[in-house]
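Each chain, letter by letter, is given below.
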Amino acid sequence: LLGDANLDMEVNFDDFLALSSSFGQLGGWADGDFDGSGDVAFPDFLLLSQNFGNSATAVATVPEPSGTALLLGAGLMALIRRGSRRLPGAF
């Protein structure tokens, strides 16, 4: 997860502290270099701020609305096709 400096699967204040202590210096992921540029700078802060408060487990368990709508639509189409294949007058 971009912004997770200490790899605890959460982007929180601890990650911000890692970034702020290395800001303006050369560093790696644990120092806050989330864009892979080799230095800790404002773009890294932006990546952290976009994910601040998120956790990798929460991201993995939330279904996408478009996927749910697609499954619902496919299910409705299957029911419609099943109903149209019955013989006339048959219950």
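Residues numbered from 1 in each chain as written. Predicted model: local features only at pLDDT ≥ 70, side-chain atom pairs only at ≥ 80, totals over all residues. Heavy atoms only, no water.

Undergrad: Is there a simple way to think about the packing of aromatic side chains in this case?
TA: Tallied over the entire structure, the rule returns four aromatic pairs. Taken together, the ring pairs in this structure connect F13, F16, F42 and F45 into an aromatic cluster. (Phe/Tyr/Trp six-rings, centres within 6.5 Å; stacked < 30°, edge-to-face > 60°.)

Undergrad: How do you make sense of the environment of W29 when you look at a structure like this?
TA: With respect to the secondary-structure elements, W29 resides in the loop between α1 (13-22) and α2 (42-51). Once you skip the residues sitting within four places of it in the chain, W29 turns out to touch L1, L2, G3, D4, A5, L7 and F34. A distance of 2.7 Å separates the side chain of W29 from the backbone oxygen of D4, its partner in a polar contact. (Helix = DSSP H or I, 4+ residues; strand = E, 2+ residues; numbered from the N terminus. Contact = heavy atoms within 4.5 Å. Polar contact = N/O pair within 3.5 Å; in protein donor to acceptor, adjacent residues only side chain to side chain.)

Undergrad: Sorry if this is basic, but what is going on with the nonpolar core here?
TA: Nonpolar side chains in soluble globular proteins generally cluster together in the buried interior. Residues A5, V11, A18, L19, F34, V40, L47 and L48 constitute the largest nonpolar core, which totals eight residues. Counting residues per element, the ones that place at least two in this core are α1 and α2. For L47, the residues in contact, after removing those within four places along its chain, are L2, F34 and D35. (Core = buried A, V, L, I, M, F, W, Y, C linked by side-chain atoms within 4.5 Å. Buried < 20%, exposed > 50% of the residue type's maximum accessible area, 1.4 Å probe, protein only.)

Undergrad: Whenever I open this one, the environment of L46 confuses me. Can you help?
TA: Topologically, L46 is positioned in helix α2. The partly exposed category is assigned to L46, whose relative accessible area is 37%. L46 sits 11 residues away from D35 along the chain, and the two C-alpha atoms are 9.9 Å apart.

Undergrad: What's the story with the environment of G28 in this structure? I'm lost.
TA: Secondary-structure assignment places G28 in the loop between α1 and α2. By relative accessible area, G28 is classed as partly exposed at 28%. The sequence separation of G28 and D39 amounts to 11 residues, and the corresponding C-alpha distance is 7.3 Å.

Undergrad: Would you explain a nonpolar patch on the surface in this entry?
TA: A contiguous nonpolar patch, built from L2, L7 and W29 and spanning about 290 Å² of accessible area, is present on the exposed surface. Examined against the element boundaries, L7 turns out to sit in the segment before α1. The class for L7 is exposed, based on a relative accessible area of 62%. (Patch = residues over 30% accessible without salt bridge, like charges linked within 9 Å, V, L, I, M, F, W, Y side chains within 5 Å. Areas by Shrake-Rupley, 256 points an atom, 1.4 Å probe, with all protein chains shown as cover. Salt bridge = Lys/Arg side-chain N within 4 Å of Asp/Glu carboxyl O.)

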